[in-house]
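Chains, contacts and geometry: an overview
Now for the letters of each chain:
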Amino acid sequence: MLLTILTLISTLLPAVLKGFGVSSSIDNLIPAMITALGQIITGIQTKTPVASSLTALQTALTALQADTSLSPVILGDISEGVNDLQAAIAAYQKAQIAIDPSSLQPLSEIV
Amino acid sequence: MKRFTLFASLMLAISLFVGCKAANTPLPANAINATDARISANLEAAHAAVVNYQSNVVAGKHTPDATEKAVVNKFIASLNAADRIYCGAPAQGQPCAVGSYHALLVANPAAGEPQQLIDAMLAVTQNLSAIQTLVQEVK
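Keep in mind it's a predicted model, so treat the numbers as computed, not measured. (Residues numbered from 1 in each chain as written. Chains lettered and ligands numbered in written order. Predicted model: local features only at pLDDT ≥ 70, side-chain atom pairs only at ≥ 80, totals over all residues. Heavy atoms only, no water.)

1. Some points on the overall build of chain A
- From N to C terminus, chain A includes four helices and zero strands.
- Overall, chain A shows an N-to-C arrangement of helices and strands of α-α-α-α.
- A total of 111 residues make up chain A; the buried ones form 43% of that total.
- The contacts in chain A between residues at least 6 apart in sequence include a share of 58% that link residues at least 24 apart.
- In the form shown here, chain A has an accessible surface area of approximately 5300 Å², with 61% of it arising from carbon and sulfur atoms. (Helix = DSSP H or I, 4+ residues; strand = E, 2+ residues; numbered from the N terminus. Buried < 20%, exposed > 50% of the residue type's maximum accessible area, 1.4 Å probe, protein only. Contact = heavy atoms within 4.5 Å. Areas by Shrake-Rupley, 256 points an atom, 1.4 Å probe, with all protein chains shown as cover.)

Encoded structure:
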């Protein structure tokens, strides 16, 4: 199931982004992000940590963030993505030192 | 194109839920065993991403459309379900609810991961399939 999803993403996304007239940077970076995901899949078998893959994804998003040829709308969305990733990476790294199961309070829905 | 953020967030979630902790790294504090550490770290990271996403929505930095809301809310619901099985609300001076997996591990560190929790985590992962629909819609 997961592999199917990733395959679909890797197949569809570059074409989708091209449809928006986005720059060649995205053409280059999206495959890099897909590669990072591939490394994560490999990690299922090798049991390697996900931290490096998370960082790779963040690096790709940060590079896109610096692409001034992108529209402000897309850059805004990318910035939000970087922000979400940074929050997750920080939490993941913190949990490598000490977990806090009691912090998992129910999340409210988006209204 | 607002969906790019969702895409990034969901990719993150994919990475979190398929990731495994290295076999030889020391256990973090409060973790009973490696499985406990992995599940808690994954859920805590996913929570952080969702909380960050929600704060952007509340602050008006991001306005999801109805489709995106539905996808995110389904993801959140499955995340909450996994949380309940893994830990739940603190009870009796303990960090987790009686009967939760973490509480079970405290009593018996060798306890295996219950099928209910495996299914819940799988449900979270399966909800990511919605990204396929979103990407196709954008196209």
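Anyway, onward from the coordinates.
2. Brief notes about the pattern of salt bridges
All names here are of chain B.
- Within this structure, the stated rule accounts for one salt bridge over all chains.
- Between arginine 38 and glutamate 113 there is a salt bridge whose closest N-O contact spans 3.6 Å. Taken together, the positions of arginine 38 in helix H2 (residues 34-58) and glutamate 113 in the loop between helix H4 (101-107) and helix H5 (115-127) put the pair 75 residues apart, joining distant regions of the chain.
- Arginine 38 gets classed as partly exposed once you look at its relative accessible area, which sits at 22%. (Salt bridge = Lys/Arg side-chain N within 4 Å of Asp/Glu carboxyl O.)

3. Side note on the state of the cysteines
All names here are of chain B.
- Taken as a whole, this structure holds one disulfide over all chains when the rule is applied.
- Shown here is the disulfide that connects cysteine 87 with cysteine 96, its sulfur atoms set 2.0 Å apart. Judged by the sign of its S-S torsion, about -95 degrees, the cystine formed by cysteine 87 and cysteine 96 is left-handed.
- Residue classification places cysteine 87 among the buried positions, given a relative accessible area of 0%. (Disulfide = S-S within 2.5 Å.)

4. Topic: the nonpolar core
- If you look at the biggest cluster of nonpolar residues, it comprises 34 residues, and the most contacted ones within it are B:Ile39, B:Leu43, B:Leu79, B:Tyr86 and B:Leu117.
- Breaking this core down by element, the ones donating at least two residues are helix H4 (72-97) of chain A together with H2, helix H3 (66-86), H4 and H5 of chain B.
- When residues of this core are assigned to their parent elements, the largest contribution, ten residues, is made by H2(B).
- Apart from residues no more than four positions distant in its own chain, B:Ile39 is found in contact with B:Tyr86, B:Tyr101, B:Glu113, B:Leu117 and B:Met121. (Core = buried A, V, L, I, M, F, W, Y, C linked by side-chain atoms within 4.5 Å.)

5. Some details on H2(B)
All names here are of chain B.
- The terminal C-alpha atoms of H2 lie 36 Å apart, and with 25 residues this matches the ideal 36 Å at 1.5 Å per residue to within 8%.
- The element H2 is largely enclosed, with a buried count of 19 among its 25 residues.
- Two to three positions downstream of the cap, the backbone nitrogen of threonine 35 sits 3.1 Å from a side-chain oxygen, assigning the N-cap of H2 to asparagine 33.
- Immediately downstream of H2, the backbone of glycine 60 shows phi near 80 degrees, a positive value. (Expected span 1.5 Å × (residues − 1). Polar contact = N/O pair within 3.5 Å; in protein donor to acceptor, adjacent residues only side chain to side chain.)

6. Details of the confidence of the model for chain A
Residue and element names in this part refer to chain A.
- Across chain A, the average pLDDT comes to 67, with 47% of residues at or above 70.
- When mean pLDDT is taken per element in chain A, H4 scores highest with 79 and helix H1 (residues 2-19) scores lowest with 48.
- Confidence drops under a pLDDT of 50 for residues 1-12, and excluding neighbours within four residues, the segment shows 25 contacts in the predicted structure. (pLDDT = per-residue confidence, 0-100.)

7. Some remarks on the environment of B:Ala81
- Position of B:Ala81 among the secondary structure elements: in helix H3.
- When the C-alpha positions of B:Ala81 and B:Ala46 are compared, they lie 13 Å apart, and in sequence the two are 35 residues distant.

8. A closer look at the confidence of the model for chain B
Residue and element names in this part refer to chain B.
- Per-residue confidence for chain B gives a mean pLDDT of 78, with 72% of residues at or over 70.
- For residues 135-139, every residue scores under 50 in pLDDT, and the model assigns this stretch ten contacts once sequence neighbours within four places are set aside.
- We note a pTM of 0.73 for the whole complex and an ipTM of 0.81 for its interfaces.

9. Quick word on the side chain of B:Asn56
- Here B:Asn56 shows up in helix H2.
- In this structure, B:Asn56 is in contact with A:Glu80, A:Asn83, A:Asp84, B:Lys61 and B:His62, ignoring residues within four places of it in sequence.

10. Describing the layout of surface pockets
- Size it by volume and the second largest pocket reaches roughly 190 Å³.
- Looking at the second largest pocket, the residues that line it are A:Ala91, A:Lys94, A:Ala98, A:Asp100, A:Ser103, A:Gln105, A:Leu107, B:Glu44, B:His47, B:Ala48 and B:Val51.
- Residue assignment for the lining of the second largest pocket shows that the elements contributing at least two residues are H4 of chain A together with H2 of chain B.
- Broken down by class, the residue content of the lining of the second largest pocket amounts to five nonpolar, three polar and three charged. (1 Å grid on protein atoms, 1.4 Å probe; cavity = no way out; pocket = protein on both sides within 12 Å on 5 of 7 lines; lining within 4 Å. Points joined across faces, edges and corners; volume = space filled by probe spheres on them. Nonpolar A, V, L, I, M, F, W, Y, C, P; charged D, E, K, R; others polar.)

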